[in-house]
Amino acid sequence: MRKFNFVLLVVLLFVLIVIAKVINFSSSKVTINNSPFYVTVAQDNIALAQGLSGATKLAANEGMLFIFSNRQKQSFWMKGMLFPLDLIWITDNKIVGLAPNLPIPTSTEYTIYNSPEPIDYVLEINAGTIKKINAKIGDEVTIKK
């Protein structure tokens, strides 16, 4: 029985590693107004589409950073989200838009949240964090990959 459990654990770890490679999540640090966020980075189509859907929570200093290879207007929705979020739209390492307190969807009709202009990044953090760190349009954003 122990051998079976060990083999099962090894197989599960292998599957998780493969999934992480396929989805292309990595980690990074984003700082806004001296507030650091340790973020999971989404930069390929699968990771960009998955986002935080299905996640149950984020720590206060965690988030997800979406990196776009081509600067353009982006749209987000809250499909599959289990907790509310703040979105920060970023271009040239400056905040260009804020979408605070996006609610959990209560139906299958999803609100679309559009960036105010073409962007390089979107930072998803816990709802209420924009207010807590006093983030505003024009603030500098430091991204360490």
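Computed from a predicted structure; not experimentally measured.

1. Side note on the pairing of strand 5 (residues 85–91)
Burial of strand 5 is extensive: seven of the seven residues sit out of reach of the surface. What you see with strand 5 is no split at all: L85, L87, W89 and T91 on one side and D86, I88 and I90 on the other are buried throughout. Bridge analysis of strand 5 against strand 6 (residues 94–102) gives six bridges, and the strand direction is antiparallel. Opposite W89, over in strand 6, you have G97 as the bridge partner. Where strand 5 hands over to strand 6, the hairpin turn is made up of two residues, of which D92 adopts a positive phi near 50 degrees. Across six bridges, the pairing between strand 5 and strand 8 (residues 119–126) is antiparallel. Looking across to strand 8, one finds that D86 is bridged to I125.

2. What to know about the nonpolar core
Counting residues in hydrophobic clusters, the biggest one holds 20 residues, and the most contacted among them are F66, F76, L85, L87, W89 and V122. Of all the secondary structure elements, the ones that give two or more residues to this core are strand 3 (62–72), strand 5, strand 6 and strand 8. Residue contacts for F66: discarding those within four places in its chain leaves A42, A47, L48, G51, F76, D120, Y121, V122 and E124. If you look at the next biggest cluster of nonpolar residues, it comprises 18 residues, including V41, I125, I130 and I133.

3. With respect to the pattern of salt bridges
Under the defined criterion, the tally for this structure stands at four salt bridges. The salt bridge partner of K136 is D139, with a shortest N-O separation of 3.4 Å.

4. A few points about the confidence of the model for the chain
Residues at a pLDDT of 70 or more form 82% of the chain, whose mean pLDDT is 86. Counting contacts from residues 13–25, a segment whose pLDDT is below 50, to residues more than four positions away or on other chains yields 17 contacts.

5. Section: the packing of aromatic side chains
A complete count under the given rule lists four aromatic pairs for this structure. Seen in terms of ring centroids, W77 and Y110 are 5.1 Å apart; in terms of plane orientation they differ by 65 degrees. Their pairing is edge-to-face. Here W77 is found in the loop between strand 4 (75–76) and strand 5, whereas its partner Y110 is found in the loop between strand 6 and strand 7 (113–114), with 33 residues between them in sequence. By relative accessible area, W77 is classed as partly exposed at 42%.

What counts, and where the lines are drawn
- Residues numbered from 1 in each chain as written.
- Predicted model: local features only at pLDDT ≥ 70, side-chain atom pairs only at ≥ 80, totals over all residues.
- Heavy atoms only, no water.
- Buried < 20%, exposed > 50% of the residue type's maximum accessible area, 1.4 Å probe, protein only.
- Helix = DSSP H or I, 4+ residues; strand = E, 2+ residues; numbered from the N terminus.
- Pairing = 2+ DSSP bridges.
- Core = buried A, V, L, I, M, F, W, Y, C linked by side-chain atoms within 4.5 Å.
- Contact = heavy atoms within 4.5 Å.
- Salt bridge = Lys/Arg side-chain N within 4 Å of Asp/Glu carboxyl O.
- pLDDT = per-residue confidence, 0-100.
- Phe/Tyr/Trp six-rings, centres within 6.5 Å; stacked < 30°, edge-to-face > 60°.

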